[in-house]
Amino acid sequence: MTMKDILAAIQSPDSVSEDFAAQPLPESYRAITVHKDETEMFAGLETRDKDPRKSIHLDEVPLPELGPGEALVAVMASSVNYNSVWTSIFEPLSTFGFLERYGRLSELTKRHDLPYHVIGSDLAGVVLRTGPGVNAWRPGDEVVAHCLSVELESSDGHNDTMLDPEQRIWGFETNFGGLAEVALVKSNQLMPKPDHLSWEEAAAPGLVNSTAYRQLVSRNGAGMKQGDNVLIWGASGGLGSYATQFALAGGANPICVVSSPQKAEICRAMGAEAIIDRNAEGYKFWKDENTQDPKEWKRFGKRIRELTGGEDIDIVFEHPGRETFGASVFVTRKGGTITTCASTSGYMHEYDNRYLWMSLKRIIGSHFANYREAWEANRLISKGKIHPTLSKVYSLEDTGQAAYDVHRNLHQGKVGVLALAPEEGLGVRDHEKRAKHIDAINRFRNI
Ligand SMILES: C/C=C/C(=O)SCCNC(=O)CCNC(=O)[C@H](O)C(C)(C)COP(=O)(O)OP(=O)(O)OC[C@H]1O[C@@H](n2cnc3c(N)ncnc32)[C@H](O)[C@@H]1OP(=O)(O)O
Ligand SMILES: NC(=O)C1=CN([C@@H]2O[C@H](COP(=O)(O)OP(=O)(O)OC[C@H]3O[C@@H](n4cnc5c(N)ncnc54)[C@H](OP(=O)(O)O)[C@@H]3O)[C@@H](O)[C@H]2O)C=CC1
């Protein structure tokens, strides 16, 4: 089966599961990769000067062997996540180390240890084949994939699969990711594609929506409740645009931090009222590289009190890291929670611990989501309670530019990538449901 045949089968309304199952698979496919022999290419450069357009390649690669419990998926669309930015600038470390380590686990996982890394941790597409032991999914199923890959051989992960010692992020710590025409996933990564969305809209929320759900809503994260004041950094960015929607849909009060009037306007359009433009208000939490300025934490806290009628923050949704963490700990109310999933501006955090212990605050580390959490987050998308925040869509050929935009914070919400889909707007099955939510679905488009 050539890629053209696969696409024709996906686009034909008459195709049934057997049509997909009966066709031979292609021997190779086009994929976005980084190369092992280029991991030193940015040595000596500042982080911001490392250019993903130089390290990201579009290659023809062989189709991997399909193992037990796995599925090969024809990818119609994917999206750029910040983890692909990290991979492409080889920070904080090269992802080839992850592939080597995974390769040492078993005969089957050796497949992942290659001189190239097919990256990407989101997809929307169609199942082509399932491996032995897969009963829940069939060729022809329209799916999205979440990015939690687990082995679950140890008891450790059986209360919460994120705690499995062999927990990995697909397309970051494993090979054969979603920025490609075909992807290899474990079948327990699959979820139904929301039927009112196009391929590229359906591919946009996955990773960030699931992460924000666990970090903010789930009992494994902050366990947000009605009325909570939630401080959301980067509220119109990838994670933040979903955190803001969860806060609003859950009856909480988001205090959105952004860096431009345009981004403030997006938050307002989502329904947020309390918005801080960190750029316009000029917060400078660090006096120099090693010294923070508690006066600036206080000025920031005062501004929050103005916006909340004198209240402090119940939950901080943290991910910028070093630059903001001291302020985040300070502005949290007594007994409140700082929940963090990242450190974009630096992972060595500094904060005044007196404000943490004396005021009985808690810091919660959160990472992606287990299958159940990802499923619940996807269910909210399917029901039209939470919406994709897709702004711009690129072709597979232009993935380097897409990653550059995200690296340089030039984007809004999520940036999509078309893989097999020849154009935007395809794949919508429930037009009536779509019509009901069309303004919300398009809120971030082309801004
Ligand atoms: C869904 C999307 C998510 C995102 O976007 S997240 C953002 C992108 N992700 C990242 O930036 C994360 C990248 N990952 C990392 O930076 C690294 O991945 C970690 C720092 C998390 C871990 O580093 P590592 O080198 O993989 O592991 P170690 O634990 O530092 O080193 C392993 C060695 O250290 C030993 N060790 C571990 N814990 C202990 C202990 N408690 N006491 C003594 N030794 C310990 C081990 O055994 C092993 O040893 P031996 O090398 O000899 O095999
Ligand atoms: N552990 C996990 O499971 C996950 C971790 N991540 C990590 O989270 C981070 C954010 O991801 P994502 O939301 O997709 O990225 P985006 O770039 O889409 O959004 C992040 C937003 O944070 C704001 N921001 C960036 N730097 C700073 C800073 N120094 N101070 C204050 N605000 C800042 C920006 O908004 P503005 O300029 O408007 O303020 C930006 O839009 C990345 O490091 C990513 O790797 C992401 C998903 C899952």
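How each quantity is defined
Residues numbered from 1 in each chain as written. Chains lettered and ligands numbered in written order. Predicted model: local features only at pLDDT ≥ 70, side-chain atom pairs only at ≥ 80, totals over all residues. Heavy atoms only, no water. Helix = DSSP H or I, 4+ residues; strand = E, 2+ residues; numbered from the N terminus. Rg over C-alpha atoms; globule rule 2.2 N^0.38 Å. Buried < 20%, exposed > 50% of the residue type's maximum accessible area, 1.4 Å probe, protein only. Contact = heavy atoms within 4.5 Å. Areas by Shrake-Rupley, 256 points an atom, 1.4 Å probe, with all protein chains shown as cover. Salt bridge = Lys/Arg side-chain N within 4 Å of Asp/Glu carboxyl O. Near = heavy atom within 4 Å. Polar contact = N/O pair within 3.5 Å; in protein donor to acceptor, adjacent residues only side chain to side chain. Nonpolar A, V, L, I, M, F, W, Y, C, P; charged D, E, K, R; others polar. Domains from an automatic or database assignment. 1 Å grid on protein atoms, 1.4 Å probe; cavity = no way out; pocket = protein on both sides within 12 Å on 5 of 7 lines; lining within 4 Å. Points joined across faces, edges and corners; volume = space filled by probe spheres on them.

## Quick look at the overall build of the chain
A tally of regular secondary structure across the chain gives 15 helices and 20 strands. Relative to the compact-globule value of 22 Å for 447 residues, the chain shows a C-alpha radius of gyration of 22 Å, a close match. In terms of overall dimensions, the chain has a C-alpha envelope of 65 × 50 × 40 Å along the principal axes. Counting only residues that meet the buried cut, the chain has 59% of its 447 residues in that class. The contacts of the chain with a sequence gap of at least 6 include a subset with a gap of at least 24, amounting to 73%. Element-wise, carbon and sulfur atoms account for 48% of the exposed surface of the chain, whose accessible area totals about 18,800 Å².

## Brief notes about the pattern of salt bridges
According to the stated counting rule, one finds 26 salt bridges in the structure shown. With a shortest N-O distance of 2.7 Å, aspartate 228 and lysine 225 are connected by a salt bridge. Taking the relative accessible area as the measure of exposure, aspartate 228 reaches 5% and is therefore buried. Several salt bridges share partner residues, and in doing so they unite Arg30, Glu181 and Glu397 into one network.

## A few points about the site of ligand 2
Near ligand 2 lie 25 residues; those nearest to it are Ser259, Arg278, Thr344, Phe368 and His411. Interatomic distance of 2.9 Å between a side-chain N/O atom of asparagine 409 and an oxygen atom of ligand 2. Protein coverage of the free-state accessible area of ligand 2, which is 910 Å², stands at 90%. Put simply, the parts of the chain that give the shell around ligand 2 at least two residues each are α4 (82-89), α7 (206-217), α8 (238-249) and α11 (322-331). With 3 residues, the top contributor of residues to the shell around ligand 2 is α7. Taken together, the residues of the shell around ligand 2 sort by class into 10 nonpolar, 12 polar and 3 charged. Counting only domains with at least three residues in the shell around ligand 2, you end up with domain 1 (3-209 + 369-442) and domain 2 (222-365).

## Quick look at the layout of surface pockets
By volume, the second largest pocket amounts to about 280 Å³. Lining the second largest pocket are 20 residues, and of these Ala9, Ile10, Ser12, Glu142 and Arg429 lie nearest its centre. Those elements that provide at least two residues to the lining of the second largest pocket are α1 (3-11) and α2 (17-22). At 3 residues, the largest contribution of residues to the lining of the second largest pocket is made by α1.

## A short note on the side chain of threonine 339
With respect to the secondary-structure elements, threonine 339 resides in strand β17 (residues 332-340). Excluding anything up to four places from it in sequence, threonine 339 contacts Gln215, Ala222, Ile315, Val316, Phe317, Glu318, Ile364 and Ser366.

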